[in-house]
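Tertiary structure, described
This is what each chain is made of:
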Amino acid sequence: VTSYCNLRCIICPYPTLKRPKGDMSFEVFKKIVDEIVREDPSAGLWVAIMGEPLIRGQGLLQMLAYAKEKKLPNVNLNTNATFLTEDMSRKLLSSGLSRIIISLDAFTKETYDKIRVGGKFNETVKNVENLLMMKKEMNLSKPDIISQFIVMDENEKEQRVRINEGETF
């Protein structure tokens, strides 16, 4: 839904992409959703690639509302969680998403700062904790909330860290 991103992650080609940056129009999004509904309503819709969808704010929420209205059962969102405010979290939890995949790639501030350049580890972790707490308070089974950890030289020493359910990191 956007090709803009607020971070410069070391694993991502975003900083070196030459193609023009921009936002998907709501009309194009509607056309895509309508085609999915017509051709294969069980297909997964991912509202992020090479960009941070939460940058779109209300525009993203409008798109998610349209997908929900069309009863798409498999709508997924990838985010770096830097714009995951309390208000946005509440709205995403109510949006009909199937999954929210949060790209952290680290369990410590030191490692996060090396990988997620421009991010703020403590704020991002707080955003994720708030999202999880809200989901529990709202007694929701969906969306699934997944923390993504892509193993690379900078974080491989952290890949064996285990988080027990209910614990924070």
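Given the structure is predicted, the values throughout are model-derived calculations rather than measurements. (Residues numbered from 1 in each chain as written. Predicted model: local features only at pLDDT ≥ 70, side-chain atom pairs only at ≥ 80, totals over all residues. Heavy atoms only, no water.)

With that out of the way, let us pick up the sheet that holds strand S1 (residues 45–46). Spatially, S1-S2-S3-S4 is the arrangement adopted by the 4 strands of the open sheet, whose pairing is parallel. Looking at the sheet topology across the chains shown, the edges are occupied by S1 and strand S4 (144–148). The pairing of strand S3 (residues 99–103) with S4 spans 5 bridges and is classified as parallel. Within S4, the residue paired with Ile 101 across the bridge is Ile 146. In this fold helix H5 (residues 121–137) packs onto S3 and S4, with an angle of close to 160 degrees to the strand it touches most, S4. (Pairing = 2+ DSSP bridges. Helix = DSSP H or I, 4+ residues; strand = E, 2+ residues; numbered from the N terminus. Contact = heavy atoms within 4.5 Å. Axes fitted to C-alpha atoms, helices over the stretch in contact; angles between N-to-C directions.)

The subject of this paragraph is the packing of helix H2 (residues 58–69) against helix H3 (residues 86–93). Running from amino to carboxyl end, H2 crosses H3 at an angle of 10 degrees, the nearest separation of the two axes being 11 Å. Of the possible angle classes, the one that applies to H2 and H3 is roughly parallel. Residues Gln 58, Leu 60, Leu 61 and Leu 64 of H2 pack against Met 88, Lys 91 and Leu 92 of H3. A class-by-class count of the residues in the contact of H2 with H3 yields 5 nonpolar, 1 polar and 1 charged. (Parallel < 35°, antiparallel > 145°, perpendicular 65-115°, else oblique. Nonpolar A, V, L, I, M, F, W, Y, C, P; charged D, E, K, R; others polar.)

With 4 of 5 residues buried, S3 is to be regarded as a mostly interior element. The handedness of the strand S2 (residues 75–79) to S3 crossover, carried by H3, is right-handed. (Buried < 20%, exposed > 50% of the residue type's maximum accessible area, 1.4 Å probe, protein only. Right-handed = clockwise from strand over helix to strand, strands pointing away.)

Below, the discussion takes up the packing of aromatic side chains. Following the criterion strictly, the structure yields 3 aromatic pairs and no others. Between Phe 26 and Tyr 66, the aromatic rings sit 5.8 Å apart at their centres with planes inclined by 80 degrees, giving edge-to-face as the arrangement. Here the residue Phe 26 occupies a position in helix H1 (residues 26–39), and Tyr 66 occupies one in helix H2, the gap between them amounting to 40 residues. The aromatic ring of Tyr 14 is capped on one face by Lys 21, whose charged end is 4.6 Å from the ring centroid. (Phe/Tyr/Trp six-rings, centres within 6.5 Å; stacked < 30°, edge-to-face > 60°. Lys NZ or Arg CZ within 6 Å of the ring centre and 35° of its normal.)

Ranked by internal contacts, the top residues of the largest apolar core, which has 36 residues, are Leu 45, Val 47, Leu 60, Leu 77 and Leu 92. Taken together, the elements giving at least two residues each to this core come down to H1, H2, S2, H3, S3 and H5. By residue number, the principal contributor to this core is H2, which donates 6 residues. The contacts of Leu 45, once residues within four sequence positions are left out, are Phe 29, Ile 32, Val 33, Ile 36, Ala 67, Leu 72, Asn 74, Val 75 and Asn 76. (Core = buried A, V, L, I, M, F, W, Y, C linked by side-chain atoms within 4.5 Å.)

In a packed pair of helices, the relevant descriptors are the angle between the two axes and the axis-to-axis distance. Put simply, H3 and H5 touch, their axes get as near as 10 Å, and they point 45 degrees apart. Classified by the angle between their axes, H3 and H5 sit oblique to one another. Crossing of H3 over H5 shows right-handed handedness. Between H3, through Glu 86, Ser 89, Arg 90 and Leu 93, and H5, the contact on the second element is made entirely by Asn 127, Leu 131, Met 134 and Lys 135. (Left-handed = near helix turned anticlockwise from the far one by under 90°.)

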